[in-house]
Amino acid sequence: MNRTSRLFWKLCGIEKMDNNQTNFPYNFNSSACKSCRGKCCRGLGGYVWLSMEELERIAETKNMDVAKFANKYARQVEGKLSLQERVINGEHFCCFFDMINSHCEIYEIRPKQCKAFPFWNQFKKDPKKLFLECPGVTFKPSI
Ligand code: SF4
Ligand code: SF4
């Protein structure tokens, strides 16, 4: 396994998202996710920010008490909520990454930050890192 090829730097602020994909210099084909084994959900460690509403919604879907859910799956970082990670053989995995089937266990209700990936503001002007990590992106043809 090549750890340096792993991403999981979910560091963008959820408040800084641009929902207009035409503003980005690349396209994204989600069919690449089927074979990439979740590069954006594992790797060197990072933060998957989630709002209180998102936390409550995921807890409800899992039929869990919100406080118990938060204790088990969330952590506080600089006053914000982030999902917990599992560390196996030095590699960090989001706590909702299914390592056997390589997919997100809460895909339909994953946090906004995950839904927005790979269209994060931090890649708009400089997508080099993204292209090294995400096999689903391709540059838009110049007009
Ligand atoms: S790294 Fe890209 S292709 Fe792979 S799962 Fe994430 S979004 Fe999909
Ligand atoms: S919540 Fe799902 S999509 Fe988001 S990092 Fe975790 S496993 Fe990946």
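What counts as what
- Residues numbered from 1 in each chain as written.
- Chains lettered and ligands numbered in written order.
- Predicted model: local features only at pLDDT ≥ 70, side-chain atom pairs only at ≥ 80, totals over all residues.
- Pairing = 2+ DSSP bridges.
- Helix = DSSP H or I, 4+ residues; strand = E, 2+ residues; numbered from the N terminus.
- Buried ≥ 20, exposed ≤ 12 C-beta atoms within 10 Å, placed from the backbone.
- Core = buried A, V, L, I, M, F, W, Y, C linked by C-beta atoms within 7 Å.
- Contact = placed C-beta atoms within 7 Å.
- Near = placed C-beta within 6 Å.
- Nonpolar A, V, L, I, M, F, W, Y, C, P; charged D, E, K, R; others polar.
- Axes fitted to C-alpha atoms, helices over the stretch in contact; angles between N-to-C directions.
- Parallel < 35°, antiparallel > 145°, perpendicular 65-115°, else oblique.

Participant: Explanation requested: the sheet that holds strand β5 (residues 80–83) in the structure shown.
Facilitator: To summarise the sheet geometry, strands pair through backbone hydrogen bonds and adopt either a parallel or an antiparallel arrangement. The 3 strands are arranged β3-β5-β4 in an open sheet whose pairing can be described as antiparallel. Looking at which strands have only one partner, the edges of the open sheet turn out to be β3 (49–50) and β4 (74–77).

Participant: It is not clear to me how unusual backbone geometry should be interpreted in this structure. Could you clarify?
Facilitator: A negative phi holds for most residues other than glycine; trans holds for most peptide bonds. With omega at 10°, the peptide bond leading from F117 into P118 counts as cis. For P118, the location among the structural elements is in the loop between α4 (112–116) and α5 (121–124). In this structure, N63 takes a positive phi of about 55° despite not being glycine. Relative to the helices and strands, N63 is located in the loop between α2 (52–61) and α3 (66–73). Residue N63 is classed as exposed on the basis of its 7 C-beta neighbours within 10 Å.

Participant: Just checking my understanding: could you explain the nonpolar core for this structure?
Facilitator: Grouped burial of nonpolar side chains is what soluble globular proteins tend to show. By size, the foremost hydrophobic cluster in this structure holds 22 residues, and its most contacted members are C41, V48, L83, C94, F96 and F97. Among the elements of the structure, β3 and β7 (91–94) are those that each provide at least two residues to this core. Discounting residues that sit within four places of it in the chain, F96 has contacts with L83, C104, E105 and I106.

Participant: Could you clarify how one ought to interpret the sheet that holds strand β6 (residues 85–88) in this entry?
Facilitator: As summarised here, the arrangement of the 3 strands in space is β2-β7-β6, forming an open sheet in which the pairing is antiparallel. The sheet is open, and its two edges are formed by β2 (42–43) and β6, each paired on a single side. Here 2 bridges tie β2 to β7, and the two strands are oriented antiparallel to one another. Note on β7: the bridge partner recorded for R42 is F93.

Participant: What's the story with the site of ligand 2 in this structure? I'm lost.
Facilitator: Residues in close proximity to ligand 2 include C41, V48, L83, C94, F96, F97, C104, I106, R110, P111 and C114, which together make up its full environment. For the shell around ligand 2, the residue count by class is 10 nonpolar, no polar and 1 charged.

Participant: What's the story with the environment of H103 in this structure? I'm lost.
Facilitator: Mapped onto the elements of the fold, H103 is located in strand β9 (residues 103–104). The exposure class assigned to H103 is partly exposed, which follows from the 15 C-beta atoms found within 10 Å. Put simply, H103 and C41 are 62 residues apart on the chain and 8.7 Å apart in space, counted from C-alpha to C-alpha. Those residues in contact with H103, other than ones at most four positions away along the chain, are G38 and D98.

Participant: What's the story with the packing of α2 against α3 in this structure? I'm lost.
Facilitator: To describe two helices that pack against each other, one gives the angle between their axes and the distance between the axes. Where α2 meets α3, the axes come as close as 9 Å, and the angle between the chain directions of the two elements is 105°. If you check the angle between α2 and α3, you find them roughly perpendicular. Where α2 approaches α3, its residues L55, E56 and A59 are matched on the opposing element by V66, F69 and A70. Looking at the contact of α2 with α3 residue by residue, the class counts come to 5 nonpolar, no polar and 1 charged.

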